[in-house]
Amino acid sequence: MPYYRSVGEVPRKRHTQFRQPDGTLYAEELMGQEGFSSDSSLLYHRHAPTAIVAAEEYRPPAFTRAPNLPLKPRHLHTHKLDGGTADPILGRRYLLANDDVRIAYVLADQPSPLFRDATGDHCLYVESGTMRVESPFGVLDAVAGDYVIIPTSAIHRLVPTGDEPVRLLAIEAAGHVGPPKRYLSVRGQFLEHSPYCERDVRGPDAPLLVDGEDVEVLVRHRSRAGSPGGSGTAWTRHIYANHPFDVVGWDGHLYPWAFSIHDFEPITGRIHQPPPVHQTFQGPNFVVCSFVPRKVDYHPDAIPVPYNHHNVDSDEMLFYTGGNYEARRGSGIEQGSISLHPSGFTHGPQPGAAERAIGAEFFDELAVMVDTFRPLDLCDAAGECEDPGYAWTWARRT
């Protein structure tokens with residue numbers, strides 16, 4: 001994250017003696033990206049963060065990937081996956097994936113196990129409900145409309161906190177996720193033309209200290225052996241001698257953080273603006289965009305809905321999470337729907353949408369878009385919730 005935070009107790013100088021009340025040294029841990037060449041944080045543990053007492057291979061719930069064949073647009077009803085609740089990590093139902101990103105959905109009412117993903121950052125979007133993100137950095141509360149970014153290898157636990165289950169869209173990267181570089185100065189400050197800034201970002205603000213011994217942590221890590229979904233990863237169960245939530249203080253630029261889609265300030269114009277104005281994050285070979293309620297095009301002859309377009313280098317996934325998405329009216333799109341418009345297919349508004357939109361001054365819509373620069377495969381859960389007639393809706397056939 002592009003700005004510095006300091007939480008809890010830290011010594012005045014890095015890598016110097018910092019002692020516990022009993023006179024022993026706190027255990028210093030530098031957590032950093034790109035081999036000491038990028039963002040990092042320095043954490044101070046009561047116990048050695050390296051102390052494990054057991055390790056064994058772990059088999060997570062399995063899923064498979066298959067190419068989008070025959071090539072066609074897809075519509076997935078994620079709420080049809082509501083057969084039961086689960087925890088927010090192991091209960092994820094994988095829908096779409098390639099070698100850069102996995103996209104999953106989950107309805108969760110149980111705390112997750114402690115989990116560390118050593119393969120990449122997670123970008124979680126809360127469709128509804130509330131949850132608490134626990135980590136060695138502290139606690140981060142998330143509500144409907146929040147994005148939560150969890151950095152690579154940060155041990156964490158997701159705990160639903162409300163009376164209703166939490167609904168999550170999980171975007172799991174094979175690398176790092178952050179604000180678009182064009183919105184940041186060379187020193188990492190948000191620039192004036194950015195649609196959000198440091199004031200909109202939340203991070204943990206107090207240590208979370210938990211006692212415990214022989215604590216289980218599930219780890220997903222890179223492996224040539226491969227794993228469910230053909231992702232080139234494997235899982236291990238580690239048993240830590242002491243609970244990893246024992247950090248009395250930390251400082252740096254790397255930590256879990258949250259940002260509300262409702263704080264995204266839309267960029268508008270006299271004529272229709274292309275999707276890059278909605279970009280919120282960038283990841284390895286993909287971007288995440290936010291479509292929010294906004295004033296629409298105000299040229300007297302403007303057509304506010306998107307024109308037909310063919311993004312020849314990317315697949316487009318759109319998660320519909322609120323309001324009325326005018327361009328998709330008549331297609332069966334509803335709350336919780338996901339549309340997939342692949343490269344190799346020209347897509348655009350449904351029949352009649354352009355005429356209906358003329359003269360509109362405001363769109364009340366909320367959606368999360370993921371554009372990938374490698375094709376997305378279909379995972380098992382996609383087949384369970386697909387609307388098979390979606391591809392023919394532009395031709396007005398069933």
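Just so we're clear, the structure is a prediction, and the values are computed from it rather than from any experiment.

Student: It is not clear to me how empty space enclosed by the protein should be interpreted in this structure. Could you clarify?
Tutor: Going through the model one piece at a time under the given rule, you end up with one cavity of 30 Å³ or more. If you add up the space inside the largest cavity, you get close to 80 Å³. Along the walls of the largest cavity sit I267, T268, G269, H272, Q273, V277, H278, R294, K295, V296, D297 and P304, which together make up its complete lining. A class-by-class count of the residues in the lining of the largest cavity yields four nonpolar, five polar and three charged.

Student: Would you take a moment to explain the UniProt feature "binding site: homogentisate" (unreviewed entry) in the chain for this structure?
Tutor: Under the local residue numbering, the UniProt record ascribes the feature "binding site: homogentisate" (unreviewed entry) to Y325 and H347. Taking the annotated residues in turn, Y325 and H347 line the second largest pocket. Turning to its location among the elements, Y325 is positioned in the loop between strand 24 (315–323) and strand 25 (337–341). In this structure Y325 comes out as buried when scored by relative accessible area, which is 15%. In contact with Y325, not counting residues within four places along its chain, are F291, L318, Y320, E365 and A367. Note that H347 resides in the loop between strand 25 and helix 1 (353–357). You can call H347 buried: its relative accessible area is 4%.

Student: Even after reading the chapter, I still don't get the domain arrangement of the chain, so can you show me in this structure?
Tutor: Interface size is commonly expressed as the accessible surface area that is lost when the partners come together. Split by domain assignment, the chain resolves into domain 1 (50–72 + 82–245 + 255–260) and domain 2 (267–395). One C-alpha centre belongs to domain 1, the other to domain 2; they are set 25 Å apart. Each side of the interface is counted separately: domain 1 has 42 residues, and domain 2 has 43 residues. Here domain 1 meets domain 2 over a buried area of about 3,600 Å², counting both sides, of which 61% is carbon and sulfur. If you look at where domain 1 meets domain 2, you find three salt bridges. Put simply, D377 and R65 hold a salt bridge, and the shortest N to O gap is 3.1 Å. Summed over the shared surface of domain 1 and domain 2, the number is 17 residue pairs in polar contact (both at pLDDT 80 or more). Every element with two or more residues in the side of domain 1 that touches domain 2 is listed here: strand 5 (65–66), strand 7 (93–97), strand 8 (101–108), strand 10 (122–128), strand 13 (146–150), strand 15 (166–173) and strand 20 (257–260). Looking at the side of domain 1 that touches domain 2, the element that brings in the most residues is strand 7, giving five residues. Of the residues in the side of domain 1 that touches domain 2, the class split is 27 nonpolar, seven polar and eight charged.

Student: Help me out: how do you make sense of the pairing of strand 10 in this one?
Tutor: Within a regular strand, side chains alternate between the sheet's two faces. Burial of strand 10 is extensive: six of the seven residues sit out of reach of the surface. Bridge count between strand 10 and strand 15: six bridges; the pairing is antiparallel. Among the inter-strand pairings, C123 is bridged to a residue of strand 15, identified as I171.

Student: Please clarify how the layout of surface pockets should be interpreted in this entry.
Tutor: By rolling a water-sized probe across the atoms, one finds the places where empty space is left. There is about 610 Å³ of room inside the largest pocket. Q33, S38, D39, G178 and K181 are, among the 25 residues lining the largest pocket, the residues nearest its centre. Here the lining of the largest pocket is composed, by residue class, of 11 nonpolar, nine polar and five charged. Two domains share the lining of the largest pocket, each providing at least three of its residues, namely domain 1 (50–72 + 82–245 + 255–260) and domain 2 (267–395). There is about 450 Å³ of room inside the second largest pocket. Forming the boundary of the second largest pocket are 32 residues, of which P275, F291, H309, E316 and M369 lie nearest the centre. Contributing elements (two or more residues each) for the lining of the second largest pocket: strand 22 (286–291), strand 24 and strand 27 (365–372). A class-by-class count of the residues in the lining of the second largest pocket yields 17 nonpolar, nine polar and six charged.

Student: Looking at this model, I keep getting lost on the UniProt feature "domain: Cupin type-2" (unreviewed entry) in the chain. Mind explaining?
Tutor: Taken from the UniProt record, the annotation "domain: Cupin type-2" (unreviewed entry) applies to residues 120–171. The span residues 120–171 is 0% helix and 62% strand, and its two end C-alpha atoms sit 10 Å from each other.

Definitions and cut-offs
Residues numbered from 1 in each chain as written. Predicted model: local features only at pLDDT ≥ 70, side-chain atom pairs only at ≥ 80, totals over all residues. Heavy atoms only, no water. 1 Å grid on protein atoms, 1.4 Å probe; cavity = no way out; pocket = protein on both sides within 12 Å on 5 of 7 lines; lining within 4 Å. Points joined across faces, edges and corners; volume = space filled by probe spheres on them. Nonpolar A, V, L, I, M, F, W, Y, C, P; charged D, E, K, R; others polar. UniProt positions renumbered as here; feature names shortened; annotations may be inferred. Helix = DSSP H or I, 4+ residues; strand = E, 2+ residues; numbered from the N terminus. Buried < 20%, exposed > 50% of the residue type's maximum accessible area, 1.4 Å probe, protein only. Contact = heavy atoms within 4.5 Å. Domains from an automatic or database assignment. Buried area = accessible area lost by both parts, 1.4 Å probe. Salt bridge = Lys/Arg side-chain N within 4 Å of Asp/Glu carboxyl O. Polar contact = N/O pair within 3.5 Å; in protein donor to acceptor, adjacent residues only side chain to side chain. Pairing = 2+ DSSP bridges.

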